[in-house]
Amino acid sequence: FFLGRHHDPEHIPDEEGPQRGSLSGRYWIAWVGLTFSIAAEFAFAYWSSALVHLRTGLSPARSITLVLGFPLGMMVGRWFGTYVLPKLSRDKRLIILIAFQFAGFVIVWNSHQILLSFIGIFFFGLGTSMQFALTSLRILHFGGDKPDLAMGKSSLAAGIAIGGSPFLLGFLSDQIGISRGFLMVPIAIAIAFLFDAPQEHINMLAIAYLVARVTYLICYLKDWANVRSLMWLIGFGCTVALFFQIP
């Protein structure tokens, strides 16, 4: 409203009817990235209040109120996101957003303070804000000359993620507790990063692995069990990601 918007002509469906045929392997890699990106978003949105309640001692009602930081971060990211670092490529913006999302999770998962938890929730929302738009652009790009078919298949990814991830996190929480069950969220973030990162991020993944392993050893010596488990997951995710990034 204040900054102005550019409206492009609406998409006109193919006159020959629904598009058919196969899609490339790179499309399906981007499809998996989209699935886990949405899964992280909805698992966090549904269950973060339970984690905040456990960690901070807030009542359930106030914990839910605190989660308003998530849509606030989404709003800020979507409103101003297109004006921040406009020269960066689509993939680099996506990686930066995933990094913000992961940082938000780390803050919330380790925080026992109300303000810090709110900041973490806000950062998670900020990192989530433009992921769907950017991953959808990847879907369209790799869909080639079948944009309708590509977007149609992406709705299946969204349905699986939105319908399945909250139930899976709830099931894990019933089995091992909300704190440990919530580790599903960084796993989903790591997989989204794995399938969305461009080839030039091999060095970054290698450095991240080394940092995670060194931090793991420090946590082992200090007996910081929760952070140690998180560092192990990060190191494992970097290892798998490196495997898929090798050309």
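Let us look at the structure shown here. Worth saying up front: this structure is predicted, and the values here are computed from it rather than measured. All residue numbers refer to positions counted from 1 along the written sequence of the respective chain. Predicted model: local features are reported for residues with pLDDT of at least 70 only, side-chain atom pairs are reported and counted for 80 or more only, and whole-chain, interface and lining totals are derived from all residues. Each side-chain value is derived from all of the structure's non-hydrogen atoms; neither hydrogens nor water enter the calculation.

### Quick look at the overall build of the protein
Then, number 1: By the criteria applied, helices consist of DSSP H or I runs no shorter than four residues and strands consist of E runs no shorter than two, each listed in order from the N terminus. Along the protein, the regular secondary structure elements total 11 helices and 0 strands.
Then, number 2: From first element to last, N terminus to C terminus, the protein shows the α and β order α-α-α-α-α-α-α-α-α-α-α.
Then, number 3: Note on exposure labels: buried denotes an accessible area under 20% of the residue type's maximum, exposed denotes more than 50%, and partly exposed covers the range between, all computed with a 1.4 Å probe on protein chains only. The burial tally for the protein puts 42% of its 247 residues in the buried class.
Then, number 4: Residue contacts are defined here by distance: any two heavy atoms, one from each residue, within 4.5 Å place the two residues in contact. Restricting the contact set of the protein to residue pairs at least 6 apart, pairs at least 24 apart contribute 79%.
Then, number 5: For accessible areas, the Shrake-Rupley method is used with a probe of radius 1.4 Å. Any residue's cover is judged against the shown protein chains and nothing else. Split by element, the accessible area of the protein, about 13900 Å² in all, is 69% carbon and sulfur.

### Section: the packing of aromatic side chains
In this description, a pair of aromatic rings is defined by centroid distance and the angle of the planes.
Then, number 1: The rule is short: rings of Phe, Tyr and Trp, with Trp giving its six-membered ring, pair when the centres are within 6.5 Å, and they are stacked under 30 degrees, edge-to-face over 60, tilted in between. Across all of its chains, the model carries 10 aromatic pairs by this definition.
Then, number 2: Aromatic side chains Phe-44 and Phe-70 sit 5.8 Å apart centroid to centroid with 40° between the ring planes, which places their arrangement in the tilted category. Taken together, the residues Phe-44 in helix H1 (residues 25-56) and Phe-70 in helix H3 (residues 69-80) connect sequence positions 26 residues apart.
Then, number 3: A relative accessible area of 0% means that Phe-44 is categorised as buried.
Then, number 4: A connected cluster of aromatic rings, assembled from ring pairs, spans Phe-44, Phe-70, Phe-105, Trp-109, Phe-124 and Phe-182.
Then, number 5: Cation over ring: Arg-55 sits above Trp-109, and NZ or CZ is 5.4 Å from the ring centre. Only lysine NZ and arginine CZ atoms are considered, and such an atom sits over a ring when it is within 6 Å of the ring centre and within 35 degrees of the ring normal.

### Side note on the packing of H1 against helix H4 (residues 90-110)
The relative placement of two packed helices comes down to the angle between their axes together with the axis-to-axis distance.
Then, number 1: With their axes 10 Å apart at the nearest point, H1 and H4 run at an angle of 25° to one another. On the basis of their axis angle, the class for H1 and H4 is roughly parallel. Relative to H4, H1 is oriented so that their crossing is left-handed. Contact residues: Ala-40, Phe-44, Leu-51, Val-52 and Arg-55 in H1; Gln-101, Val-108, Trp-109 and Asn-110 in H4.
Then, number 2: As a working rule, the residues Ala, Val, Leu, Ile, Met, Phe, Trp, Tyr, Cys and Pro are called nonpolar, Asp, Glu, Lys and Arg charged, and the rest polar, with Gly in that last group. Each residue belonging to the contact of H1 with H4 can be placed in one class, and the counts come to 6 nonpolar, 2 polar and 1 charged. Axis geometry follows a simple rule: fit a line to the C-alpha atoms, using only the stretch in contact for helices, then measure angles between N-to-C directions, giving values from 0 to 180 degrees. Roughly parallel means an angle under 35 degrees; roughly antiparallel means over 145; roughly perpendicular covers 65 to 115; every other angle is labelled oblique. The handedness criterion is simple: a crossing whose near helix is rotated anticlockwise from the far helix by less than a right angle is left-handed, and one whose near helix is rotated clockwise is right-handed.

### Details of H4
Then, number 1: Between the first and last C-alpha of H4 there are 31 Å, a value that for 21 residues agrees with the 30 Å anticipated at 1.5 Å per step.
Then, number 2: Of all the positions in H4, only Asp-91, Arg-93, Leu-94, Ile-95, Leu-97, Ile-98, Gln-101, Gly-104, Phe-105, Val-108 and Trp-109 are classed as buried. What a helix should span is 1.5 Å times the count of its residues minus one.

### Some details on the packing of H3 against helix H5 (residues 114-128)
Then, number 1: Relative orientation of the contacting elements H3 and H5 amounts to 40°, with a least axis distance of 7 Å. Taken together, the axes of H3 and H5 are oblique relative to one another. Where H3 crosses over H5, the two elements pack in a sense that is right-handed. Between H3 and H5, the contacting residues are Gly-69, Phe-70, Leu-72, Gly-73, Met-74, Val-76 and Gly-77 on the first element and Phe-118, Ile-121, Phe-122, Phe-124, Gly-125, Leu-126 and Thr-128 on the second.
Then, number 2: The class makeup of the residues in the contact of H3 with H5 is 9 nonpolar, 5 polar and no charged.

### Overview of the nonpolar core
Then, number 1: Ranked by size, the top nonpolar core spans 33 residues in total, and within it Phe-105, Ile-121, Phe-182 and Val-185 carry the most contacts.
Then, number 2: Where this core is concerned, the elements lending two or more residues are H1, H3, H4, H5, helix H9 (184-196) and helix H11 (225-245).
Then, number 3: Among the elements that line this core, the one with the most residues is H4, at 7 residues.
Then, number 4: Excluding anything up to four places from it in sequence, Ile-121 contacts Phe-44, Val-52, Leu-66, Val-67, Gly-69, Phe-70 and Val-108.
Then, number 5: Residues belong to one nonpolar core when they are buried, are Ala, Val, Leu, Ile, Met, Phe, Trp, Tyr or Cys, and are joined through side-chain atoms within 4.5 Å. Residues Tyr-27, Trp-31, Ala-157 and Ala-158 belong to the second largest nonpolar core, which totals 14 residues.

### Describing a nonpolar patch on the surface
Then, number 1: In this analysis, a patch consists of residues with relative accessible area above 30% that form no salt bridge, clustered at 9 Å for like charges and at 5 Å for the nonpolar side chains Val, Leu, Ile, Met, Phe, Trp and Tyr. When a carboxyl oxygen of Asp or Glu lies within 4 Å of a side-chain nitrogen of Lys or Arg, that pair is called a salt bridge. Residues Trp-79, Phe-80 and Val-84 make up a contiguous nonpolar surface patch of about 270 Å² in total accessible area.
Then, number 2: Looking at where Val-84 falls in the secondary structure, it is placed in the loop between H3 and H4.

### Looking at the environment of Arg-138
Then, number 1: As for its placement among the helices and strands, Arg-138 is situated in helix H6 (residues 131-143).
Then, number 2: For Arg-138 and Ala-30, which are 108 residues apart along the polypeptide, the C-alpha to C-alpha distance reads 6.6 Å.

### Observations concerning H1
Then, number 1: Between its terminal C-alpha atoms H1 stretches 45 Å, which fits the 46 Å expected from 32 residues at 1.5 Å a residue.
Then, number 2: To obtain the bend at a residue, axes are fitted to the seven residues ending there and to the seven starting there, and the angle between these axes is taken. Bending of H1 peaks at approximately 50° at the position of Trp-47.
Then, number 3: At the C-terminal side of H1, Gly-57 shows a positive phi close to 80°.

Remember, this is a structural readout, not a statement about activity or role.
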